[in-house]
Amino acid sequence: ADTLTSGNATGLVSDGTYYISAVLVDGQGKRSPVKVTAFTTPDNSVPAFNTGYPRMTQTKPDSSWVLVMPNKTCKLYYALYPAGAAAPTPDNLKSGSLSGNVGYGVMDVTKNVEAIFGVNDVTLGEQTTYDLYLWLVDADGMNKGAITKLSFTTSDETPPYFTMAPTVNKVANNSVGLTFGLSEPGTV
């Protein structure tokens, strides 16, 4: 009586839910009611994106969207830069000191649940490549994933226009030659 006793359970998995049952038996064989307690082991896994994530779902200059799904509930930091800019460090992402970014944010994401969000804070250039950096960190900050880089090119949203009006420069029996200029690659 009045003696604290402890024991060890082995073979438990990270982020597992378990039940432990106990019954007391005295020297006369009399049994107490069964006591049951549930507990969950800590999730010590490193946060990462599930297979097939992240991926861009829309790459318009005024609204570019990314779809993510993490393998554990955690925080997601992201920053968007023009292609070729220096990659942010974990300290940059955490502190928000991200000089030259065109989009930045922090959000909570849930284990095995898709999340979609816009990544640009300003209108991006058309047909321009950008680098999106994403970083997953668990709630207590102990486990941190690697920074993931996702590059994408924005779509062409405006039609071409003539920068130099079509001008006839050659006339033949079956053809007419033209000189012209377009604002972007296109077919006349």
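The shown structure was predicted, so the numbers you read here are calculated from the model rather than taken from an experiment. (Residues numbered from 1 in each chain as written. Predicted model: local features only at pLDDT ≥ 70, side-chain atom pairs only at ≥ 80, totals over all residues. Heavy atoms only, no water.)

**Q** Tell me about the nonpolar core, and please be specific about residues and values.
**A** Formed by 23 residues in total, the largest nonpolar core has its most connected members in Val68, Val119, Leu132 and Leu134. Not counting chain neighbours up to four residues away, the residues in contact with valine 68 comprise Phe49, Tyr53, Pro54, Leu76, Val109, Val113, Glu114, Ala115, Phe117 and Leu134. By size, the runner-up hydrophobic cluster in this structure holds eight residues, among which are Tyr77, Tyr81, Leu98 and Tyr133. (Core = buried A, V, L, I, M, F, W, Y, C linked by side-chain atoms within 4.5 Å. Buried < 20%, exposed > 50% of the residue type's maximum accessible area, 1.4 Å probe, protein only. Contact = heavy atoms within 4.5 Å.)

**Q** Mind laying out a nonpolar patch on the surface, listing which residues take part and the relevant values?
**A** A cluster of nonpolar side chains, contributed by Phe162, Val168, Val171, Val176, Leu178, Phe180 and Val188, occupies part of the molecular surface with about 660 Å² of accessible area. Those elements giving two or more residues to the nonpolar patch turn out to be strand S10 (162-171) and strand S11 (176-182). Relative to the assigned elements, valine 168 resides in strand S10. (Patch = residues over 30% accessible without salt bridge, like charges linked within 9 Å, V, L, I, M, F, W, Y side chains within 5 Å. Areas by Shrake-Rupley, 256 points an atom, 1.4 Å probe, with all protein chains shown as cover. Salt bridge = Lys/Arg side-chain N within 4 Å of Asp/Glu carboxyl O. Helix = DSSP H or I, 4+ residues; strand = E, 2+ residues; numbered from the N terminus.)

**Q** Can you tell me about the sheet that holds strand S4 (residues 63-68), naming the residues and giving the values?
**A** Strands in a sheet are paired, the pairing made by backbone hydrogen bonds, and the direction either parallel or antiparallel. Taken together, the three strands give an open sheet; going across it, the order is S3-S4-S7, and neighbouring strands pair in antiparallel fashion. Two strands lie at the open edges of the sheet, namely strand S3 (55-60) and strand S7 (115-118), each paired on one side alone. Taken over all neighbouring pairs, the strand axes of this sheet differ in orientation by 15° on average, direction set aside. As defined by bridge partners, S4 adjoins S7 across four bridges and the pair is classed as antiparallel. Directly across from leucine 67, in S7, lies its bridge partner isoleucine 116. (Pairing = 2+ DSSP bridges. Axes fitted to C-alpha atoms, helices over the stretch in contact; angles between N-to-C directions.)

**Q** Run through the packing of aromatic side chains, naming residues and quoting values.
**A** Within this structure, the stated rule accounts for six aromatic pairs. Between the aromatic rings of tyrosine 81 and tyrosine 133, the centroid separation amounts to 6.2 Å while the plane-to-plane angle is 70°, which identifies the pairing as edge-to-face. With tyrosine 81 in strand S5 (residues 74-82) and tyrosine 133 in strand S8 (residues 129-138), this residue pair connects regions lying 52 residues apart in the sequence. By the burial criterion, tyrosine 81 is buried, and tyrosine 133 matches it. The ring of tyrosine 53 carries the charged tip of arginine 55 above its face, separated from the ring centre by 4.8 Å. (Phe/Tyr/Trp six-rings, centres within 6.5 Å; stacked < 30°, edge-to-face > 60°. Lys NZ or Arg CZ within 6 Å of the ring centre and 35° of its normal.)

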